[in-house]
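Residue strings, one per chain:
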Amino acid sequence: MPKKVDIVVTNDLVTDNRVHKVAESLLALGYSPRLIGRLRRNSLPLEERSYPTRRLRLFFDRGPLFYSEFNIRIFFKLLFSPASIILSNDLDTLGACYLAAAIAGKKLVYDSHEYFTQVPELIERPFKQKLWLRLERFILPRLKNAFTVSQSIADAYRQMYGTDFKVVRNLPLRSRQTDSPIDHSILPHDEKIILYQGALNMGRGLEYAIQAMRYVNGAQLWLVGSGDLDEQLQLLTRQLGLQFKVRFWGQVPFQELAAITAQADLGLSIEEDLGLNYRFALPNKLFDYIQHQIPVLVSPLPEMSKIVRKYEIGQILNSTAPQEMAEQIQQMLADEPQRKTYRKKLKIASSELCWENEIHVLEHLFKQIK
């Protein structure tokens, strides 16, 4: 009988491509995974998958009461589950997963999608940050099986807690990528597409990108995703009179995202240096752009800029000043000889930076679990 694995996240599963890839990979490796998340009031329907899923309907939607309710519910579900392995995703699931594994004698694996205690939302709330840090300091030194998304985060955890974090970058599946055709039903006439995909949250540089669109000609900015700044960014767009230059797509299931990404001419990943989480970030959107062979403009942060410099597939952002950002974007859209060079380099990068080349780390980690 294959070993059963309970994979736990606090999101609604619709847009989390990382946990989907991990679940499918474990299935291919001979495990029997089950993915557990939550069902929100505005959650999109979940398509049928090759492994079982469960979304918990909770009374509380956010804040301390949500985390308490979710972890209590998850604890009892895991405690009586037949699974012998628990895969906890991020610190907000780790308390319940650690306790259930300890009491029931199950094996625990931890996947840190980010440097959780260093996200801007916690840095600005020191009391809440202190509470999460206490949990982190208690559990992380006791972990035997852990992985994360970038070498910088792995090094930071290893230095702080002595825990050996492996690195499994959030790379896209190359076998699933296709040459999506230009879709004229969604493309504006004769305009280039500047794409940002991901959460519309603090520190993503989105306010600067919108303001820069006042000075960019012949292009639209597409924001694909949702988050805490939805209303604020849409208000800014209206105030600047940019409704026809900035398009908000909202939340899009990852199965449908590729068709939108393929239309882009330039991909943005311009996170601000607001704490170690963003400084060490290696976002999946960067690799999605690369897989679709789209030149990129990224922040001068170490992990992202290292990728761009190594493969020569785009540029590092010079300034967040709107006019200067606009000039750099305009140049990247207009310089066709340079874009041709980018595309050649992107073919090489896309063949190397894919999930198929990363899966061996996950396989080795799970094979070590006795």
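Please read all numbers here as calculations on a predicted model, not as lab measurements. (Residues numbered from 1 in each chain as written. Predicted model: local features only at pLDDT ≥ 70, side-chain atom pairs only at ≥ 80, totals over all residues. Heavy atoms only, no water.)

A. Local environment of the pattern of salt bridges. If you walk through the whole model with that rule in mind, you get 16 salt bridges. As a salt-bridge pair, Asp61 and Arg40 come within 2.6 Å of each other at their nearest N and O atoms. With Asp61 in the loop between β3 (53-57) and α2 (63-79) and Arg40 in the loop between β2 (32-39) and β3, the pair connects residues that are 21 residues apart, well separated along the chain. Residue class for Asp61 comes out partly exposed when judged on its relative accessible area of 23%. Note that Asp265 is salt-bridged to Arg339, the shortest N-O span being 3.9 Å. Here the residue Asp265 occupies a position in the loop between α9 (254-261) and β11 (266-269), and Arg339 occupies one in helix α14 (residues 336-352), the gap between them amounting to 74 residues. Residue class for Arg339 comes out buried when judged on its relative accessible area of 4%. Salt bridges linked by common partners bring Asp155, Arg158, Asp164 and Lys166 together as one network. (Salt bridge = Lys/Arg side-chain N within 4 Å of Asp/Glu carboxyl O. Helix = DSSP H or I, 4+ residues; strand = E, 2+ residues; numbered from the N terminus. Buried < 20%, exposed > 50% of the residue type's maximum accessible area, 1.4 Å probe, protein only.)

B. Focus on the pairing of strand β9 (residues 219-224). The element β9 is largely enclosed, with a buried count of six among its six residues. Going residue by residue along β9, you find Ala219, Leu221 and Leu223 tucked away on one face and Gln220, Trp222 and Val224 tucked away on the opposite face as well. Where β9 lies against strand β10 (residues 246-250), four bridges are found, and the strand directions are parallel. When the sheet's bridge partners are listed, Leu223 is paired in β10 with Phe248. A crossover links β9 with its parallel partner β10, the connecting element being helix α8 (residues 230-239), and its sense is right-handed. (Pairing = 2+ DSSP bridges. Right-handed = clockwise from strand over helix to strand, strands pointing away.)

C. Representation of the nonpolar core within the structure. Membership of the largest hydrophobic core comes to 55 residues, with the highest contact counts inside it found for Ile194, Leu221, Ile290 and Ile307. For Leu221, the contacting residues outside a window of four places in its chain are Ile194, Ala209, Ile210, Met213, Lys245, Val246, Arg247 and Leu268. Grouped together as the second largest cluster of nonpolar side chains are 39 residues, Leu91, Leu94, Leu140 and Val167 included. (Core = buried A, V, L, I, M, F, W, Y, C linked by side-chain atoms within 4.5 Å. Contact = heavy atoms within 4.5 Å.)

D. Here's a closer look at unusual backbone geometry. Residue Leu13 is not a glycine yet carries a positive backbone phi of 80°. Residue Leu13 is classed as buried on the basis of its relative accessible area, which comes to 0%. At Asp90, a position not held by glycine, the phi torsion is positive, near 75°. Mapping Asp90 onto the fold places it in the loop between β4 (85-89) and α3 (91-104). You can call Asp90 buried: its relative accessible area is 11%.

E. Summary view of the UniProt feature "domain: Glycosyltransferase subfamily 4-like N-terminal" (unreviewed entry) in the protein chain. According to UniProt, the "domain: Glycosyltransferase subfamily 4-like N-terminal" (unreviewed entry) feature falls on residues 18-168. Secondary structure within residues 18-168 divides into 47% helix and 20% strand; the distance between the first and last C-alpha atoms comes to 10 Å. (UniProt positions renumbered as here; feature names shortened; annotations may be inferred.)

F. View of the packing of helix α1 (residues 17-28) against helix α15 (residues 359-367). Where α1 meets α15, the closest approach of the two axes is 11 Å, and the angle between their N-to-C directions is 60°. Comparing the axis directions of α1 and α15 gives the class oblique. Crossing angle aside, the handedness with which α1 passes α15 is right-handed. Along its contact with α1, which presents Val22, Ser25 and Leu26, the element α15 presents Ile359, Leu362 and Phe366. (Axes fitted to C-alpha atoms, helices over the stretch in contact; angles between N-to-C directions. Parallel < 35°, antiparallel > 145°, perpendicular 65-115°, else oblique. Left-handed = near helix turned anticlockwise from the far one by under 90°.)

G. Fine view of the environment of Lys345. As for its position among the elements, Lys345 is in helix α14. Through-space distance from the C-alpha of Lys345 to that of Asn145 is 35 Å; in sequence the pair is 200 residues apart. Sequence-distant contacts of Lys345, that is, excluding residues within four places in its chain, are made with Tyr311, Glu312 and Ile313.

H. Fine view of the packing of helix α5 (residues 126-139) against helix α6 (residues 151-161). One way to put it is that α5 packs onto α6 with a least axis distance of 10 Å and a crossing angle of 75°. Regarding the angle of α5 to α6, the classification is roughly perpendicular. On α6, the residues that touch Leu133, Glu136 and Arg137 of α5 are Tyr157, Met160 and Tyr161. Residue composition of the contact of α5 with α6, by class: four nonpolar, no polar and two charged. (Nonpolar A, V, L, I, M, F, W, Y, C, P; charged D, E, K, R; others polar.)

I. Inspection of the sheet that holds strand β12 (residues 296-298) at higher detail. Taken in spatial order, the six strands of this open sheet run β10-β9-β8-β11-β12-β13, and their pairing is parallel. Each end of this open sheet is capped by a strand with a single partner; those strands are β10 and β13 (314-316). Ignoring which end each strand starts from, the neighbouring axes of this sheet average 20° apart. Relative to β12, β11 runs parallel, the two sharing three bridges. By the bridge assignment for β12, Ser269 is matched with Val298. Along the sheet face, helix α12 (residues 302-311) touches β11, β12 and β13 and points at about 140° away from the line of β13. The sheet contacts of helix α13 (residues 322-334) involve β8 (192-197), β9, β11, β12 and β13, and relative to β13 the element is tilted by about 165°.

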